[in-house]
Amino acid sequence: MKKIAILGATGSIGTQTLEVISQYPDMFELYAITGNDNWQLLAQQARQYQPEVVCVANESNYLPLKEALSDMPVKVYAGMESIAQMVQMSTIDMVVTAMVGYAGLLPTIKAIEAGKDIALANKETLVVAGELICELADKYKVKILPVDSEHSAIFQCLTGEQLNPIEKIYLTASGGPFRTFSYEELKHVTAAQALRHPNWTMGAKITIDSASMMNKGFEVIEAKWLFGLNAQQIEVLVHPQSIVHSMVQFADGAVKAQLGTPDMRLPILYALTYPRRMQTNYERVDFLKISSLTFEAPDTKRFRNLAFAFEAMERGGNAPCVLNAANEVVVKAFLQGKIGFLQMSDIIEDTMQQTEFLSSPSYEDYVQCDAMARRMAQQLIEK
Ligand code: NDP
Ligand code: MG
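Here is what the cut-offs are and how they apply
- Residues numbered from 1 in each chain as written.
- Chains lettered and ligands numbered in written order.
- Predicted model: local features only at pLDDT ≥ 70, side-chain atom pairs only at ≥ 80, totals over all residues.
- Heavy atoms only, no water.
- Core = buried A, V, L, I, M, F, W, Y, C linked by side-chain atoms within 4.5 Å.
- Buried < 20%, exposed > 50% of the residue type's maximum accessible area, 1.4 Å probe, protein only.
- Helix = DSSP H or I, 4+ residues; strand = E, 2+ residues; numbered from the N terminus.
- Contact = heavy atoms within 4.5 Å.
- Near = heavy atom within 4 Å.
- Polar contact = N/O pair within 3.5 Å; in protein donor to acceptor, adjacent residues only side chain to side chain.
- Nonpolar A, V, L, I, M, F, W, Y, C, P; charged D, E, K, R; others polar.
- Domains from an automatic or database assignment.
- Donors = N, O, S within 2.8 Å, 3.2 Å for Na, K, Ca; no water.
- Axes fitted to C-alpha atoms, helices over the stretch in contact; angles between N-to-C directions.
- 1 Å grid on protein atoms, 1.4 Å probe; cavity = no way out; pocket = protein on both sides within 12 Å on 5 of 7 lines; lining within 4 Å.
- Points joined across faces, edges and corners; volume = space filled by probe spheres on them.

J.: Can you walk me through the nonpolar core in this structure?
T.: Buried together is how nonpolar side chains tend to be arranged in soluble globular proteins. Ranked by internal contacts, the top residues of the largest apolar core, which has 128 residues, are Ile6, Ile33, Leu69, Ile169, Leu272, Leu323 and Phe341. Residue contributions to this core peak at 11 residues, all from helix H14 (residues 319–335). Look past the residues within four positions of isoleucine 33 in its chain and what remains in contact with it is Ile6, Ala9, Leu18, Leu42, Gln45, Ala46, Pro51, Val53, Val54 and Cys55.

Spelled out as structure tokens, the structure:
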């Protein structure tokens, strides 16, 4: 039995992970779940799935959560400090990092330091501090198993290829809801439009990141760290059907791809059971119903965030941390209707230009740099 903790159980990946785990009761035991604002759902999940520990990041939700679970034997905690301690409990084997944003960094570090394998959905962790995370994973001999569908695809293609170096990878991107919009049209798109992703149902932040292509930019950086690649080895292809989840090309020119319907349960399950594949009843690909699989180059003139991500990756140091912090601030402002879609990229660019470069940041440097870039992006929004 693998004992699992899910950080961000109340979100899109979190709820799907709970569903996956409950389908294989002989393989998994749910030890802990966390949430942030949605304490009602967290309480309901605690009742349904019976973990030993429940932790809510937002401390103001502690009392209502505790009250809602007062008739249950479950332990209830609150605050980020508690989550950081909880992931280190000796009973946990694997931590699923499904919380959104920079908040995922500290608990992921703590979990690695305690020797827990990580099923990594929280891509911001690798974007902000990929170098540090990889060093720690090496030092504490923990596995980082990708949940992101593209990285899971690459990981699956690499099975059995340990001796064969990667020549390059192709990261596929749906192109999001605005793939065919002109630059002029992008000036006027709303958050409501951006939240309607054509192929995937996800949390609000990653859905906006998908519409702006920042998500793909983050995935480029995530791939660099997970698979030890440089920028020249990573090519993004817009593939609107979202059937080919990504591809690997080897030295002999052979290309391996992983295909499937857009369903996050499969990459979640694979991360939890790797190297085993489990029987599922998930929808199969019906090749006769797919009229075509198409691929096109991304347009970094309309979707500048992708270019910023490549730039931040090449600069290294704290540049991706600044990119992430500025992005979190602008996405929030865009969702609140305070800035337009294209302004998000303008503010990210200005923030990146105005922050001091640090070539090898420590954890404390990342914390400071994140706070400083957020302040700067916020000031630019209010200007
Ligand atoms: P959601 O917004 O649906 O869920 C986010 C989760 O994080 C919720 O449980 C939320 O709690 C919790 N949370 C939010 N803010 C904080 C905070 N400050 N501190 C602690 N917990 C917090 O996001 P997704 O599930 O869509 O995405 C989660 C992560 O997985 C992201 O990093 C995303 O990029 C990545 N990912 C998601 C995919 C998807 O298909 N959804 C695909 C690939 C990667 P609450 O709801 O209680 O407030
Ligand atoms: Mg993805």
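Now that the structure has been shown, the text picks up again.
J.: Help me out: how do you make sense of the site of ligand 1 in this one?
T.: Surrounding ligand 1, one finds 25 residues, the nearest of these being Thr10, Ser12, Asp37, Glu124 and Gly203. Between ligand 1 and aspartate 37 there is a distance of 2.8 Å, counted from an oxygen atom to a backbone nitrogen or oxygen. Residue glycine 203 places a main-chain N or O atom 2.8 Å away from an oxygen atom belonging to ligand 1. Listed by contribution, the elements that provide at least two residues to the shell around ligand 1 are helix H1 (12–23) and helix H6 (123–139). Residue composition of the shell around ligand 1, by class: 12 nonpolar, 9 polar and 4 charged. Per-domain counts for the shell around ligand 1 show at least three residues from each of domain 1 (2–146) and domain 2 (149–262 + 293–314).

J.: Mind showing me how you'd approach the coordination of the magnesium ion (ligand 2) here?
T.: Ligation of the magnesium ion (ligand 2) by protein atoms is provided by Asp148 (OD), Glu150 (OE) and Glu219 (OE), these donors lying 2.1 Å from the ion. Spacing between the donor residues of the magnesium ion (ligand 2) along their common chain follows D-x1-E-x68-E. Pair noted here: aspartate 148 is in the loop between strand E7 (144–146) and helix H7 (149–158) and glutamate 219 is in helix H11 (residues 214–227), with a separation of 71 residues, a long-range link. Judged by its relative accessible area of 8%, aspartate 148 falls in the buried class.

J.: I tried to follow the packing of helix H13 (residues 304–315) against H14 on my own but got confused; where do I start?
T.: The axes of two packed helices give the description: the angle between them and the distance between them. Orientation of H13 relative to H14, taken along the N-to-C sense of each, is 150°, at an axis distance of 7 Å. Within the contact between the two elements, H13 uses Phe308, Ala309, Ala312 and Arg315 and H14 uses Ala319, Pro320 and Leu323. Looking at the contact of H13 with H14, its residues break down into 6 nonpolar, no polar and 1 charged.

J.: Sorry, what's going on with unusual backbone geometry here?
T.: Glycine aside, a negative phi is what most residues show, and trans is what most peptide bonds show. The amide bond that connects tyrosine 274 to the next residue, proline 275, takes the cis arrangement and shows omega of 5°. Mapped onto the fold, proline 275 is located in the loop between helix H12 (265–273) and H13. Despite not being glycine, methionine 213 has its phi angle at roughly 70°, a positive value. Here methionine 213 is to be found in the loop between helix H10 (204–212) and H11. In this structure, serine 242 takes a positive phi of about 50° despite not being glycine. By secondary structure assignment, the location of serine 242 is in the loop between strand E9 (234–238) and strand E10 (244–250). Note on serine 242: relative accessible area 5%, which makes it buried.

J.: Even after reading the chapter, I still don't get the layout of surface pockets, so can you show me in this structure?
T.: Gaps between atoms show up when a probe of the same size as a water molecule is rolled over them. If you add up the space inside the second largest pocket, you get close to 470 Å³. Taken together, 19 residues make up the lining of the second largest pocket; nearest its centre are Ile144, Phe155, Leu158, Leu226 and Phe227. Secondary structure elements with two or more residues in the lining of the second largest pocket: H6, E7, H7 and H11. Split into classes, the residues belonging to the lining of the second largest pocket amount to 14 nonpolar, 3 polar and 2 charged. Split by domain, the lining of the second largest pocket shows at least three residues from each of two domains, domain 1 (2–146) and domain 2 (149–262 + 293–314).

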